[in-house]
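Architecture and fold: a report
So you can see what is in the structure, the chains are spelled out below.
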Amino acid sequence: MFSALGLFKSVECPRRYDCSLPSCIFLHAVPRAASEARDAIISTQEYDPFSAGEVHSPPAKRRRLDSPGPRQDVEQPVKAAATRNVIDRPRSLSDGKHSTVPDEASYAKDSIKPRINSLQARPTSAIKQTPASVTRTVSPPPMKDVKTTVQKVAKQRPSKTESLMPRQVPAAPALLKTRLALLQKLHEQMKLQNSKLAALKDGRESLGLSDQELITFALDEEEAATKLGENIYKNALAQKVLRIKKLTTDEWVKIVGQWTGADSQKPSQVKEQNGPAIAISTGLATIDEQIAILKHLHTPLEGLEQFGYVTSKPTETDIAKTKAGTAATGGFETCDRCSTRFQVFLGRDQHGRLTSNGKCRYHWAKPFRTGGSKATRVVGQSEAAYPCCNKSQGSEGCSEAPTHVFNVKDPKRLASILQFEHTPTKSDVQRRRPVSFDCEMGYTTLGMEVIRLTAVAWPTNELLLDILVRPYGEILDLNTRFSGVTPHDFAATPSYHPASVDGVIASSEGKTHVLRKVDSPAAARELLFEHLSQETPLIGHSIENDLNVCRVIHPLVIDTVLLYPHPRGLPFRYGLRILSQKYLSRSIQTAGEAGHDSKEDAVATGDLVTNKVAEKWGNMRRQGWSFVDGMLTAPDETDVDGQIKNGI
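We now turn to the structure provided with this report. (Residues numbered from 1 in each chain as written. Predicted model: local features only at pLDDT ≥ 70, side-chain atom pairs only at ≥ 80, totals over all residues. Heavy atoms only, no water.)

1. Details of the pairing of strand S7 (residues 447-457)
Within S7, 11 of the 11 residues are buried, which leaves the element mostly enclosed by the surrounding structure. Two strands pair when backbone bridges link them, and strand S6 (residues 435-444) and S7 are joined in this way by 10 bridges, in the antiparallel orientation. Bridging across to S7, Thr-444 finds its partner in Gly-447. In this antiparallel pair of consecutive strands, S6 and S7, the connection spans 2 residues. Bridge count between S7 and strand S8 (residues 462-469): 6 bridges; the pairing is antiparallel. Looking at S8, one finds that Ala-455 is bridged to Leu-465. Adjacent in sequence and paired antiparallel, S7 and S8 are bridged by 4 residues, among which Asn-461 carries a positive phi angle near 65 degrees. (Buried < 20%, exposed > 50% of the residue type's maximum accessible area, 1.4 Å probe, protein only. Helix = DSSP H or I, 4+ residues; strand = E, 2+ residues; numbered from the N terminus. Pairing = 2+ DSSP bridges.)

Here's what the structure looks like:
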């Protein structure tokens, strides 16, 4: 026999009560007793506010602890039940005379009377007595402060103790012996950085990590490196060790703050409490003596034209040829960030675009390869990587810009936009002090142009000039990450006027100073010339870039790139940030995406020169140089009494 599929289980059996099959495939409804059918009809229905007749609110729910007293009248709850049944039962939508539902009053009377009789017939002892504990008033338990409890638990909870042993991971990228060796190297460098932080006395020593926290920090970094795969695990961890080794104290504080979740503003607040930087002592009595030594640091620029230093003005013939060649290219340039070939539309094209080829994906940092070390000899030479995202050279960019940009370095092409000018000769040379200046540049449709120029007096760092500059070309990118100039600042700054005091803008140090905007790079150059003469020492870092964007040719230049040369020589050079940290113990350019502050850079450049002046004067004094009546005198120009030979 086959089992039934249940296809007819909802169909009523044709023989109904006469069916004698033991297991019929049809439906056989079990007849209910009359009392059960009647209870089903009058059972409490869901409250319907749209039902006909008078609308009543739904009955209140019975509370669990509520109970009648031990000797209450039984008829009261019974009557209440009868009334509730009558109210809750839905009424017929038709007239009462034609209704098939029995009369409410008569039905309630007939249905409740037997129940009353049964309750009255029961003895008193049969009625369940309510326990005294139910009716007794119980005070609620005292409420606990959840926040305080959680804090107490967090304080009492001991930190997890771990040993300096690599954690178990699903797929180990190397042998345990190799992982342990790299972990120990990482922990060693972290411990050294932490000891330097603990030795400080400026308030930042409180940010130091305990021994267990250092172990946990090292384990976290090693475990994160295991997710990179066995092919690059060793290389990535070796680079991590070298980066931690080269970190400055401020950089280590920032990393520790990110790992611990500490307030990122705390280090900056501590730095502000330290007060102004300590002045560098040169051993010279007056500013005139310092200027006299400063002029001995001058390096002639002749012969350095191949590295971007311009010493003579391009001729008109060269400028005309350059203009013709630029026009022949049809506006095609190579992106300075991603090396993409794109087209520049001077005055915009029919679609309103300034450039072609859409958005630019690029790395804002230059690729960096770690130098030779013990770790490099163990794990092999590392490939160049971008510090901005730690990706290998040749990978897709980590940043995006709305347009491509380009940079022009050819002096002839620069002169085709604005001709170079020599610093004018002036008679009041004695009143003009050395100037340290710095420029910030942005990208326009004409290449890279100056958008901010700052000059300070050396060695007092008194602010002489700080202005924004409206470029000749249409702006493609203000290069805020490096220039520090935002579109809002550039648009909101009013035009320059000698008597104007508007245009206050916040600097990176939180202070404010007057900043105004001139109409062109030529106007900015004229304002700079007001503080210069041909005999004025002009100080800068990679000063050829600043001079070229301003189109200035100056005979007395002091470049910190030449004062602090790179071991490999030009064009290799140290960055201003590295020199400031190494020789001044000062961290600059720490604003991240907010960009650099040209005033901060100009001051740091001047202080680096002051440091060299002190070093130069120490060497000259040992050779016999001296100041006689305020004049710097060579050893062969003085007699045994220290007087100038043939002097009066």
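What follows continues from the structure just given.
2. Here's the deal with the packing of helix H6 (residues 176-198) against helix H9 (residues 249-260)
Across the interface, H6 lies against H9 with an axial gap of 10 Å and an inter-helix angle of 110 degrees. By the angle class used here, H6 and H9 are roughly perpendicular. Across from Met-190, Gln-193, Asn-194 and Leu-197 in H6, the residues of H9 making contact are Thr-249, Trp-252 and Val-253. Residue composition of the contact of H6 with H9, by class: 4 nonpolar, 3 polar and no charged. (Axes fitted to C-alpha atoms, helices over the stretch in contact; angles between N-to-C directions. Parallel < 35°, antiparallel > 145°, perpendicular 65-115°, else oblique. Contact = heavy atoms within 4.5 Å. Nonpolar A, V, L, I, M, F, W, Y, C, P; charged D, E, K, R; others polar.)

3. Topic: the pairing of S8
Each regular strand shows side chains that alternate between the opposite faces of the sheet. Sheet topology note: the S8/strand S12 (residues 516-518) ladder contains 3 bridges and is parallel. What sits directly across from Ile-467, in S12, is Arg-516.

4. Examining the nonpolar core
Core analysis: the largest hydrophobic core is formed by 31 residues, its most contacted members being Phe-437, Cys-439 and Leu-453. Listed by contribution, the elements that provide at least two residues to this core are S6, S7, S8, helix H17 (521-529) and helix H18 (543-550). Among the elements that make up this core, the one with the highest residue count is S6 (5 residues). In contact with Leu-453, other than residues within four places in its own chain, are Asp-438, Cys-439, Leu-465, Asp-466, Ile-467, Ala-524, Leu-528 and Cys-550. (Core = buried A, V, L, I, M, F, W, Y, C linked by side-chain atoms within 4.5 Å.)

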